[in-house]
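# Structure assessment
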Amino acid sequence: MGQFEDKINLLQFIPDENNQHIVIINEAECQKCTSKPCLTICPSVVFTWNNCDHHPVLVSYKQCIECGACRLICPLENIEFSFPNGGFGVIYHNG
Amino acid sequence: MLRHWYKASSRPSLPNISCQRPTDIPPVKKYDAIVVGAGPAGSSAAYFMAKQGMDVLLIERGPYPGVKNCGGSSIIAEHTHKLFPNFWEEFEYERIVTDQAYWWMTEDSILTARFQSMKLGAAPYNRLTVRRPKFYKWLADKAVVAGATLLLGHNVTQILFDGEQAVGVRVSQPNDGFFAADVIILADGANSLLAERAGFAQRVSPLDMALYVKETIALPPATIEERFNLLPGYGAVIGLIGYPTAGFNGTGSIHIYKDAININVGMAVNDFAKSGIKPYELLERIKKHPIIKPLLANGETIEYGGAMIPEGGYNAIPPLVHPGAMLIGDAASLVNGVHGYNLAMWSGYYAAQAAYAAKRARDFSIKRLSLYQTLLNDSFIMQDLKANAGAAALQRNIPYLFDLYSKMANEAAYHSTKVYTMPKRARRIFIYKKITSMQPPLRILADALRAIKVMI
């Protein structure tokens, strides 16, 4: 995990406190999901397993790099991904 | 920090298929065209429309163009020069590519094919490595100088329709507003939520979309030149095949910037899910490779990132022309192998021609805008995409294509290189047996035929 934290700490984000742009549509569905690809595919580890019945998946949307892979890979189509509001989110400087 | 910011909130979840223009909020002004996304495709479209006197609104969700996409890249000079003559005098590229190579890798070996030539180093050049923000900003500036209005920090969430006809766009909070135009050009990139919401395109299959991660590693220019055997100002692009994608089909690449080395690696979204490999683990594997490690020694990682690239090819292209709307660039899945920028810029150029013709005829129907499709079809873009149409399926049908054959090539190279104490003839038989023990000869032949069929 250390390696990853080093990487994500290099990135600049303008977090939006008022709008969570990635939402789990129905959290109960996640309990049924056997593969949970969102936990591994996300390049910035937005999704982490919470071991909690009510909120099984934590969504750390403020560290999202906006690739959108989670939406495509969720086997239950249970992730609603939209881009952050104008001016918010990740900022790349080096291409 | 909000206490429960991570908790999912309940919001209306499914995308709206269509959105009628609200009658109570009249748009302030009607533009000739709205372009969504100030990337290479969008800014090119805006530039060529504005140049022809059209009133163009170019909307970008980032605070600046180019800050929302990443991945080492090079622009193809010949194509860019045709659209933007002598472009290299106008913006700060990284290096002139005089060295193009492919590395077939295993965990401890690299077999390379490398071409270096100073012929590639003379104007109008062949490839130039670029940092995306500089390149995107330059292109968006050109559109602005030509007369387009650039609106930064505005996220377009919906296309507005009057019946079937696209007539405007809606932007989200905090700007929250509507803009109207005769033509809407979608250049919102690989993950075109707009096209999907508007019903222009289906949800992209995770088989047709690749996820790439990148790391930019800073090193002094002189060190880079020494390690990669380059003259000052000149650079290399290296394709990495085999080992980088850990057994799956996919590719890595090294792009040499002025003062940094950029490593990309990626594969189909579906393969990431299937394998359970975390994208950044692939980067770490490459950086630890015994032959790559010394090239990066003492380098400082300055940026990490990830992005999706449409890799479905010709068969994944959605319908591109709609009443009052066109799809260009990555949003239109116009990516062919390692070529993306030039397809994006040309598609922007062609869409601009169609928009201009539509404006002159005051007719924004599919029929009139189909000029875009016609120009694309007649160009190298569709011809090359069609020619490569089988590539995506080939990679899917031969899941071991890159990995196994890289290993076999390296194995053959190893035994040919190593000096054995056996007669030559015996050694040839030994190598043949080694190779065919990895894959039976008939399978090699069958795969080769399939690959050749795709290539010609």
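Structure report, in brief. Keep in mind that this is a model prediction, so the values were computed, not measured.

## Structural notes on the packing of helix α9 (residues 341-361) of chain B against helix α12 (residues 380-387) of chain B
All names here are of chain B. Look at α9 against α12: their axes get within 10 Å of each other, and the N-to-C directions meet at 135°. The orientation of α9 relative to α12 falls into the category oblique. Packed against α9, whose contacting residues are Asn-342, Leu-343, Trp-346, Ser-347 and Tyr-350, the element α12 presents Phe-380, Ile-381 and Leu-385 at the interface. Its residues assigned to classes, the contact of α9 with α12 comprises six nonpolar, two polar and no charged.

## Concerning the interface of chain A and chain B
The interface is formed by 52 residues belonging to chain A together with 64 residues belonging to chain B. Taken together, the two surfaces of chain A and chain B that pack against each other cover about 4900 Å², and 56% of this comes from carbon and sulfur. Where chain A touches chain B, the interface holds six salt bridges. For Glu66(A), the salt bridge goes to Arg61(B), with nearest N and O atoms at 2.7 Å. Here chain A and chain B share 21 residue pairs in polar contact (both at pLDDT 80 or more) between them. Elements with a minimum of two residues in the side of chain A that touches chain B: α1 (2-8), β2 (22-24), α3 (38-41), β4 (57-59), α4 (69-73), β5 (79-81) and β6 (89-91) of chain A. In terms of residue class, the side of chain A that touches chain B is made up of 28 nonpolar, 16 polar and eight charged.

## Overview of empty space enclosed by the protein
Taking a probe equal in size to a water molecule and rolling it over the atoms shows the remaining empty space. Residues and elements named next belong to chain A. Taken as a whole and assessed by the stated rule, the structure comprises six cavities of 30 Å³ or more. The volume enclosed by the largest cavity comes to roughly 110 Å³. Cys-30, Cys-33, Cys-38, Cys-74 and Ile-79 are, among the 13 residues lining the largest cavity, the residues nearest its centre. In terms of residue class, the lining of the largest cavity is built from 11 nonpolar, one polar and one charged.

Calculation rules
- Residues numbered from 1 in each chain as written.
- Chains lettered and ligands numbered in written order.
- Predicted model: local features only at pLDDT ≥ 70, side-chain atom pairs only at ≥ 80, totals over all residues.
- Heavy atoms only, no water.
- Axes fitted to C-alpha atoms, helices over the stretch in contact; angles between N-to-C directions.
- Helix = DSSP H or I, 4+ residues; strand = E, 2+ residues; numbered from the N terminus.
- Parallel < 35°, antiparallel > 145°, perpendicular 65-115°, else oblique.
- Contact = heavy atoms within 4.5 Å.
- Nonpolar A, V, L, I, M, F, W, Y, C, P; charged D, E, K, R; others polar.
- Buried area = accessible area lost by both parts, 1.4 Å probe.
- Salt bridge = Lys/Arg side-chain N within 4 Å of Asp/Glu carboxyl O.
- Polar contact = N/O pair within 3.5 Å; in protein donor to acceptor, adjacent residues only side chain to side chain.
- 1 Å grid on protein atoms, 1.4 Å probe; cavity = no way out; pocket = protein on both sides within 12 Å on 5 of 7 lines; lining within 4 Å.
- Points joined across faces, edges and corners; volume = space filled by probe spheres on them.

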